[in-house]
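Per-entry structural report
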Amino acid sequence: MMNAETDVVELHEEDHAVERLVMLAHQHAWLPADLPWPEEPSRAALALEISDPACLVSRLPEFRKMSRPQREGLKRSELASHLGTLAFGEGRAVTLAGDTVLLSNPEDGLARWFLGTLLADEAKHFLVLRRYVEEVLQRRVHPHGPLEVVFQQLAAEHDYALNLLVGQVVLEGAAASLLSSLLLGTREPLLRELLKRIGRDEARHMRFAHLAFVHSEELTPARRRRMEEILFEAAYAALASLLAERTWEEFGLPRAHAREATLEALRERGVLTYYARVLARQLAQRGFPVEDLGHSLETRLAQRLREAP
């Protein structure tokens with residue numbers, strides 16, 4: 001068992017880590033105007049090149065039979081779907097971040113200071129992603145049903161730790177995977193710079209969530225079960241946000257085949273494994289019963305995604 005002196009040292013080290021994150025947030029601060037926005041967005045869209053492997057449905061026979069212009073159009077459409085859903089999530093995350101500030105301990109000045117930078121980051125991410133989708137890709141940002149459900153659940157729970165875990169570990173974990181994949185799949189300067197800046201911000205947010213999360217041994221069994229339910233719904237919503245269903249419809253791809261191809265691509269990229277193993281391991285470190293939470297998680301998520309309307 002730890003003695004009082006050890007507890008004080010650990011608390012001091014945690015505070016130092018949060019202080020470091022605050023310093024990094026200010027050091028890496030940026031404005032939407034800092035990005036290299038083109039004078040003619042439509043021409044930037046035409047110059048946008050996306051590698052076939054970056055497309056989640058590129059292995060479908062229907063994709064390979066398309067002409068080059070059709071394939072390029074489909075890849076841009078899928079990109080718009082991903083970025084549009086990401087923009088929607090970032091927009092809703094602004095409200096979540098505001099709620100999290102209000103739920104935080106008023107005496108924990110460092111945490112509130114960092115949460116202020118997080119809130120500003122989310123708002124900035126929403127603005128630049130929406131602008132890119134609407135001006136460069138000439139698409140609209142649409143609401144995403146499963147993500148909206150999760151944000152509504154979080155708003156009703158009024159739980160500081162749950163907000164951080166779902167918002168900054170589960171949802172931003174999926175976002176980080178997507179950003180990394182898109183960075184590897186395109187050379188367009190504006191998009192790459194946008195994704196790199198957002199990715200750097202998200203890494204800070206995830207680190208803070210790891211530092212600030214409350215050990216679940218302090219929770220009742222009923223509360224832990226409720227958190228597990230919401231965590232699973234959040235993992236499902238994060239993965240469902242990567243299903244570019246509007247693109248499939250636009251290009252006449254068979255829905256079931258496109259869904260299966262997307263799931264296989266996500267499995268190969270380790271996105272499903274992230275939730276099945278990494279998330280379970282992170283939760284184990286915080287006292288969650290991993291056998292219950294992690295048992296067949298990958299299978300459950302894949303099945304839920306196949307059955308989605």
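Residues numbered from 1 in each chain as written. Predicted model: local features only at pLDDT ≥ 70, side-chain atom pairs only at ≥ 80, totals over all residues. Heavy atoms only, no water.

Bringing the overall build of the protein chain into the picture now. In terms of helices and strands, the protein chain carries 14 helices and zero strands. Ordering the α and β elements of the protein chain from the N terminus gives α-α-α-α-α-α-α-α-α-α-α-α-α-α. The buried share of the protein chain, taken over its 309 residues, is 51%. A sequence separation of at least 24 residues applies to 82% of the contacts in the protein chain between residues at least 6 apart. Total accessible area computed for the protein chain in this model is approximately 15100 Å², and 54% of it derives from carbon and sulfur atoms. (Helix = DSSP H or I, 4+ residues; strand = E, 2+ residues; numbered from the N terminus. Buried < 20%, exposed > 50% of the residue type's maximum accessible area, 1.4 Å probe, protein only. Contact = heavy atoms within 4.5 Å. Areas by Shrake-Rupley, 256 points an atom, 1.4 Å probe, with all protein chains shown as cover.)

Bringing the confidence of the model for the protein chain into the picture now. Caution applies to low-pLDDT parts of the model: their predicted coordinates are not meant to be read in detail. The share of residues in the protein chain with pLDDT of 70 or more is 88%, and the mean pLDDT across the chain is 86. Note that pLDDT drops below 50 for residues 1-12; the model gives that stretch two contacts with residues more than four away or on any other chain. (pLDDT = per-residue confidence, 0-100.)

The contact between helix 9 (residues 221-240) and helix 14 (residues 297-307) brings their axes to 10 Å, and the two run at 55 degrees. Our classification of the angle between helix 9 and helix 14 gives oblique. Helix 14 is crossed by helix 9, and the crossing has right-handed handedness. Residue-level contacts link Phe-232, Glu-233, Ala-235, Tyr-236, Leu-239 and Ala-240 of helix 9 to Leu-297, Arg-300, Leu-301, Arg-304 and Leu-305 of helix 14. (Axes fitted to C-alpha atoms, helices over the stretch in contact; angles between N-to-C directions. Parallel < 35°, antiparallel > 145°, perpendicular 65-115°, else oblique. Left-handed = near helix turned anticlockwise from the far one by under 90°.)

Attention now goes to the pattern of salt bridges. As a working rule, side chains carrying opposite charge can pair if their charged atoms are close by. Applying the stated rule across the entire model yields 20 salt bridges. We note a salt bridge from Arg-226 to Glu-157, for which the minimum N-O separation is 3.0 Å. Taken together, the positions of Arg-226 in helix 9 and Glu-157 in helix 6 (residues 145-157) put the pair 69 residues apart, joining distant regions of the chain. For Glu-229, the salt bridge is made with Arg-226, and the minimal N-O distance between the two is 3.2 Å. Pair noted here: Glu-229 and Arg-226 are both in helix 9, with a separation of three residues, about one helical turn. Residue classification places Glu-229 among the partly exposed positions, given a relative accessible area of 46%. The structure contains a network of salt bridges with shared partners spanning Glu-157, Asp-159, Arg-223, Arg-226 and Glu-229. (Salt bridge = Lys/Arg side-chain N within 4 Å of Asp/Glu carboxyl O.)

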